[in-house]
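# Survey of secondary and tertiary structure
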Amino acid sequence: IHRGPKGIPYAITHDGRTLRYPDPDVKVNDTVRVDIATGKMLDYVKFDAGNSVMISSGNNMGRVGVISHRERHPGSFEIVHIKDAVGHTFATRLQNVFVVGKGSKPWISLPKGNGIKLSII
């Protein structure tokens, strides 16, 4: 959250939208639900362990799971460990992860297969 002219707080989303007067609890990597017609923030989900996520890039792109924990590496890439619905765990970089729901219930409709990686083995 930044401060604009005259000290007005604002936040910028990943798709370039600017939200004026966001909730003070919203931090970087949190997901915000926005009303498209008015541009107002309706709700938000924190980037915490136990929330549903979707992987947006990298080798695990399209997978869906729940955050197990987050490894912080100052000066390097932060790693997020995720467990999917089948029980497989995998790790990816923080910038590849996008929170899509609170707890294990996603706010969005999931793709066919519910984001489970298929294996030929």
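No experiment lies behind these values; they were computed from the predicted model shown. Along every chain, residues carry numbers that run from 1 in the direction the sequence is written. Two thresholds apply to this predicted model, a pLDDT of at least 70 for residue-level local features and 80 or more for giving and counting side-chain atom pairs, whereas whole-chain, interface and lining totals are computed over all residues. As a rule here, side-chain values come from all non-hydrogen atoms in the structure, and water together with hydrogens is ignored.

### What about the sheet that holds strand 2 (residues 9-12)?
Here, any two strands with at least 2 DSSP bridges between them count as paired. A run of DSSP states H or I qualifies as a helix once it reaches four residues; a run of E qualifies as a strand once it reaches two. Both are numbered from the N-terminal end. The strand order across the open sheet formed by three strands is 1-2-3, and the pairing between neighbours is antiparallel. On the outer flanks of this sheet lie strand 1 (2-3) and strand 3 (18-20), each paired with one strand and no other. Of the strand pairs in this sheet, strand 2 and strand 3 are connected by three bridges, and their pairing is antiparallel. Of the residues in strand 3, the one forming a bridge with Ile-12 is Thr-18.

### Section: the pattern of salt bridges
Basic side-chain nitrogens of Lys or Arg form a salt bridge, by our definition, when they fall within 4 Å of a carboxyl oxygen of Asp or Glu. Going through the model one piece at a time under the given rule, you end up with four salt bridges. For Arg-63, the salt bridge is made with Asp-84, and the minimal N-O distance between the two is 3.2 Å. Residue Arg-63 is located in the loop between strand 6 (52-55) and strand 7 (64-71), and its partner Asp-84 is located in the loop between strand 8 (79-83) and strand 9 (89-93); the two are separated by 21 residues in the primary sequence.

### Considerations on the environment of Asn-51
Examined against the element boundaries, Asn-51 turns out to sit in the loop between strand 5 (41-45) and strand 6. Sequence separation between Asn-51 and Ser-68 is 17 residues, and the spatial gap between their C-alpha atoms is 8.7 Å. Only 2.7 Å separates the side chain of Asn-51 from the backbone oxygen of Lys-46, close enough to count as a polar contact. For the purposes of these results, a polar contact is taken to be a pair of N or O atoms within 3.5 Å, where, inside protein, one atom must be able to donate a hydrogen and its partner to accept one; residues adjacent in sequence count only when each atom of the pair is a side-chain atom.

### Comments concerning the side chain of Thr-92
With respect to the helices and strands, the residue Thr-92 is situated in strand 9. Among the residues examined, Thr-92 registers a relative accessible area of 9% and is labelled buried. Of the polar contacts made by the side chain of Thr-92, one reaches the side chain of Asn-96; its length is 3.1 Å. Whether two residues are in contact is decided by their heavy atoms: any pair within 4.5 Å suffices. Leave out the neighbours within four places in its chain, and Thr-92 touches Ile-55, Asn-60, Glu-78, Ile-79, Val-80, Ile-82 and Val-97. Relative accessibility under 20% of the residue-type maximum defines a buried residue, over 50% an exposed one, and the middle range a partly exposed one, all with a 1.4 Å probe and only protein chains included.

### Remarks on the pairing of strand 10 (residues 97-102)
Note: strand 6 against strand 10, four bridges, orientation antiparallel. For Val-53, the partnering residue across the bridge sits in strand 10 and is Val-99. Bridge analysis of strand 10 against strand 11 (residues 105-106) gives two bridges, and the strand direction is antiparallel. Looking at strand 11, one finds that Lys-102 is bridged to Lys-105. In textbook terms, the turn of a hairpin is the stretch between consecutive antiparallel strands, and for strand 10 and strand 11 this stretch comprises two residues, one of which, Gly-103, has a positive phi near 65°.

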